[in-house]
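Listed below, chain by chain, are the residues.
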Amino acid sequence: MPVDTPHDTLAVDLADPDNFLDGETPWRMFDVLRRSRPVHWNPETDGGGGFWSLTRHADIVAADRDQATFTSEKFVNLEEVDERQAAIRRSMLETDGPRHLALRRILAREFTPRSVAGYATFLRGLTARTLDLALAKGTFDFVKEVAADFPINVLARMLDVPDDDTEQLIDWGNRIIANTDPDYADVLLHSAESERYRDLPFRSPASLEVFEYGRELAARRRGGEGTDLISRLVNETPRDGEPLTERDFDNYFLLLVVAGNETTRHAITHSMRALIDHPEQADRLRADPDLMPTAVEEFLRWSSPVYHFRRTATRDTEVHGTAIREGDKVVLWFASGNRDEAVFTDPHRFDVTRSPNDHITFGKGGPHFCMGAALARLEMRIMFEELLPRLADIRFAGDIRRVRSNFVNGIKEMPVTTTLA
Ligand code: HEM
């Protein structure tokens, strides 16, 4: 039986996005929970009925793999969604069973390591251009000039959308997903006004614009020969034989736009920040570029850009002797699993040589394992392969500002000053 230490009396509230603003408190809370309250009930004051937090690596992995007990169908964010809303808003992320597999398989082949390797040359060119423009400025916001637009540019290429539209895609992505941050969201998630948008993904009015945009592209590509993601979505029949409805298409398209955009951006920014904070690790990487694939896994573990995804218990069950009732929300804190001392030696140490590195940044072994994992890995590897040799020095030039969210572990501003190599 774990024993509470005085430190463990720390008040824990993982529902309040304000607790995530300093970038320190959540990690302390996770430490406490893993140590002494591995199945922890967290009340919610903003309209939700509360949730269970799973914070240990093994418990998260077990729940992630057991979709019969821990379903995604009742939605995967903390917001409670009724049956009607769920039916309207559901994408593959919120679908279990054969339909989930059928939806996933339409595009899964486009995201295998082998398929995404086909983008390496494009990515290297894009990275070089991005870095040359940014580094020429000397002092700049790393998020804005380097990390922000990079992932969506790749996706724009996969969707085959015109270059001129990428700015718009970026803006939509920001407004939709950071729905608890007043700097981004048009309508804050817990505001009274958000009730009007309860049938929209993330309760964001911006998603209507994304739907309209996606539908126009779909109409133009239906029946064509294109091999881009949109053409595949509109021209392929899922393996279960059930064609995509317009709503299926809307939600699939929107998922693609939001899923890999902010996440990869924050992974890159956190990794840069870690290398500035630990210059000896940057030196190791410069001295041994073959370390990069190993380092990327540590970048992913360290950055944990997604704090959590949620499941819902389909039946009464028990974890570590704690009763969880059918219908209870159960939150898998992937970020906490990535600091679990039972799996990682010295988990709060950033170590680009760490191996093995069994992080759960993309989930682990479950049906919803991130479909874009190979793409995110490739983007990060190429980014740092191109960045490090160009830099003689990089340091912070101002305060770091974080996204106000307990879902996305995001940095929205990170001023740096660089000296070219
Ligand atoms: C570092 C960057 C990324 C992180 C940390 C990340 C994280 C995750 C996680 C944790 C899940 C599992 C959701 C769950 O268990 O309910 C997921 C699912 C997903 N991700 Fe990513 N992701 C990243 C990049 C990408 C990229 C580049 C794409 C490409 C568009 C992408 C597309 C998806 C999709 C489509 C799913 C849903 C898979 C399913 O439901 O079967 N992600 N991601």
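Up top you'll find the structure we're talking about.
The rules we used
- Residues numbered from 1 in each chain as written.
- Predicted model: local features only at pLDDT ≥ 70, side-chain atom pairs only at ≥ 80, totals over all residues.
- Heavy atoms only, no water.
- Helix = DSSP H or I, 4+ residues; strand = E, 2+ residues; numbered from the N terminus.
- Buried < 20%, exposed > 50% of the residue type's maximum accessible area, 1.4 Å probe, protein only.
- Contact = heavy atoms within 4.5 Å.
- Areas by Shrake-Rupley, 256 points an atom, 1.4 Å probe, with all protein chains shown as cover.
- Near = heavy atom within 4 Å.
- Polar contact = N/O pair within 3.5 Å; in protein donor to acceptor, adjacent residues only side chain to side chain.
- Nonpolar A, V, L, I, M, F, W, Y, C, P; charged D, E, K, R; others polar.
- Donors = N, O, S within 2.8 Å, 3.2 Å for Na, K, Ca; no water.
- Salt bridge = Lys/Arg side-chain N within 4 Å of Asp/Glu carboxyl O.
- Pairing = 2+ DSSP bridges.
- Axes fitted to C-alpha atoms, helices over the stretch in contact; angles between N-to-C directions.
- Parallel < 35°, antiparallel > 145°, perpendicular 65-115°, else oblique.
- Phe/Tyr/Trp six-rings, centres within 6.5 Å; stacked < 30°, edge-to-face > 60°.
- Lys NZ or Arg CZ within 6 Å of the ring centre and 35° of its normal.

1. Here we look at the overall build of the chain
Inference 1: Within the chain, the secondary structure is distributed over 17 helices and 12 strands.
Inference 2: With respect to the principal axes defined by its C-alpha atoms, the chain has extents near 65 × 60 × 40 Å.
Inference 3: In the chain, which comprises 421 residues, the proportion classed as buried is 58%.
Inference 4: Intrachain contacts of the chain at a sequence separation of at least 6 include 71% that bridge at least 24 residues.
Inference 5: Of the roughly 17,800 Å² that the chain leaves accessible, carbon and sulfur atoms contribute 50%.

2. A few points about the site of the ligand
Inference 1: Every one of the 27 residues lining the ligand counts as a neighbour, but His100, Arg104, Arg311, His368 and Cys370 are closest to it.
Inference 2: In the environment of the ligand, an oxygen atom lies 2.7 Å from a nitrogen or oxygen atom belonging to the side chain of histidine 100.
Inference 3: Mapped onto the shell around the ligand, the elements with two or more residues apiece are helix 4 (97–108), helix 12 (246–259), helix 13 (261–277) and strand 5 (309–313).
Inference 4: Here the residues of the shell around the ligand are counted per class, giving 17 nonpolar, eight polar and two charged.

3. Observations regarding the coordination of the iron atom of the ligand
Six octahedrally arranged donors around a metal ideally form angles of 90 or 180 degrees; four tetrahedrally arranged donors ideally form angles of 109.5 degrees.
Inference 1: A lone protein donor binds the iron atom of the ligand: Cys370 (SG), at 2.3 Å.
Inference 2: Following the sequence through the fold, cysteine 370 ends up in the loop between helix 16 (334–337) and helix 17 (373–390).

4. A short note on the pattern of salt bridges
Inference 1: By the definition in use, this model includes 35 salt bridges.
Inference 2: Of the charged contacts, one joins glutamate 79 and arginine 89 as a salt bridge, the two residues approaching to 3.0 Å between their closest N and O atoms. In this pair, glutamate 79 is assigned in the loop between strand 3 (70–71) and helix 3 (83–89) and arginine 89 in helix 3, connecting sequence segments 10 residues apart.
Inference 3: Judged by its relative accessible area of 13%, glutamate 79 falls in the buried class.
Inference 4: Notably, a salt bridge pairs glutamate 145 with lysine 137, separated by 3.8 Å at the nearest N-O pair.

5. Some details on the pairing of strand 8 (residues 329–332)
Inference 1: Covered by surrounding structure in strand 8 are Lys329 and Val331 together with Val330 and Leu332, the residues of both alternating faces.
Inference 2: Here strand 2 (residues 51–54) runs beside strand 8; their pairing, made up of three bridges, is parallel. Paired with tryptophan 52 across the two strands is valine 330, which belongs to strand 8.
Inference 3: Relative to strand 8, strand 5 runs antiparallel, the two being bridged by four bridges. Each bridged residue has a counterpart across the sheet, and for phenylalanine 309 the counterpart in strand 8 is leucine 332.

6. Focus on the packing of helix 13 against helix 15 (residues 292–303)
Inference 1: Where helix 13 meets helix 15, the closest approach of the two axes is 9 Å, and the angle between their N-to-C directions is 100°. Overall, the two elements helix 13 and helix 15 adopt an arrangement that is roughly perpendicular. For the pair helix 13 and helix 15, the contacting residues are His266, Ala267, His270, Ser271, Ala274 and Leu275 in the first and Phe299, Trp302 and Ser303 in the second.

7. Remarks on the pairing of strand 5
The two faces of the sheet receive side chains in turn, since in a regular strand these alternate between them.
Inference 1: Within strand 5, five of the five residues are buried, which leaves the element mostly enclosed by the surrounding structure.
Inference 2: Because side chains alternate across strand 5, one face comprises the buried residues Phe309, Arg311 and Ala313, and the other comprises Arg310 and Thr312, equally buried.

8. Regarding the sheet that holds strand 9 (residues 391–396)
Inference 1: As summarised here, the arrangement of the three strands in space is 4-12-9, forming an open sheet in which the pairing is antiparallel. What marks the edges here is a single partner per strand, and that holds for strand 4 (139–141) and strand 9. Ignoring which end each strand starts from, the neighbouring axes of this sheet average 30° apart.
Inference 2: Both strand 9 and strand 12 (residues 415–420) contribute to a ladder of five bridges, which runs antiparallel.

9. So, the environment of glycine 214
Inference 1: Tracing the chain through its elements places glycine 214 in helix 10 (residues 206–221).
Inference 2: Each C-alpha atom of the pair glycine 214 and leucine 254 lies 8.1 Å from the other, and the pair is 40 residues apart in sequence.
Inference 3: The residues touching glycine 214, leaving out its near neighbours within four places in the chain, are Phe249 and Phe253.

10. Considerations on unusual backbone geometry
Inference 1: Of note, the bond from serine 355 into proline 356 is cis; its omega dihedral lies within 30 degrees of zero at 0°.
Inference 2: In this fold, proline 356 is placed in the loop between helix 16 and helix 17.
Inference 3: In the Ramachandran plot, phenylalanine 75 falls in the positive-phi region, its phi being about 90° despite a non-glycine side chain.
Inference 4: In this structure, phenylalanine 75 sits in the loop between strand 3 and helix 3.
Inference 5: Owing to a relative accessible area of 5%, phenylalanine 75 belongs among the buried residues under this scheme.

11. Focus on the packing of aromatic side chains
Given two aromatic rings, one states the distance between the centres and the angle between the planes to describe the pair.
Inference 1: Under the defined criterion, the tally for this structure stands at 17 aromatic pairs.
Inference 2: Considering the side-chain rings of tryptophan 172 and tyrosine 213, the 5.4 Å spacing of their centres and the 55° angle between planes classify their relative orientation as tilted. A residue pair is termed long-range when its members are at least 10 positions apart, and tryptophan 172 in helix 9 (residues 166–177) and tyrosine 213 in helix 10 qualify at 41 residues.
Inference 3: Exposure remark for tyrosine 213: the relative accessible area of 13% places this residue in the buried category.
Inference 4: When the centroid spacing of 5.3 Å and the interplanar angle of 80° are considered together, the rings of phenylalanine 309 and phenylalanine 407 count as edge-to-face. Taken together, the positions of phenylalanine 309 in strand 5 and phenylalanine 407 in the loop between strand 10 (401–402) and strand 11 (411–413) put the pair 98 residues apart, joining distant regions of the chain.
Inference 5: Phenylalanine 309 sits in the buried class, given a relative accessible area of 18%.
Inference 6: Lying across the ring of phenylalanine 344, arginine 301 places its NZ or CZ 5.1 Å from the centre.
Inference 7: Positioned above the aromatic ring of tryptophan 27 is the side chain of arginine 339, whose terminal nitrogen or guanidinium carbon lies 4.3 Å from the ring centre.

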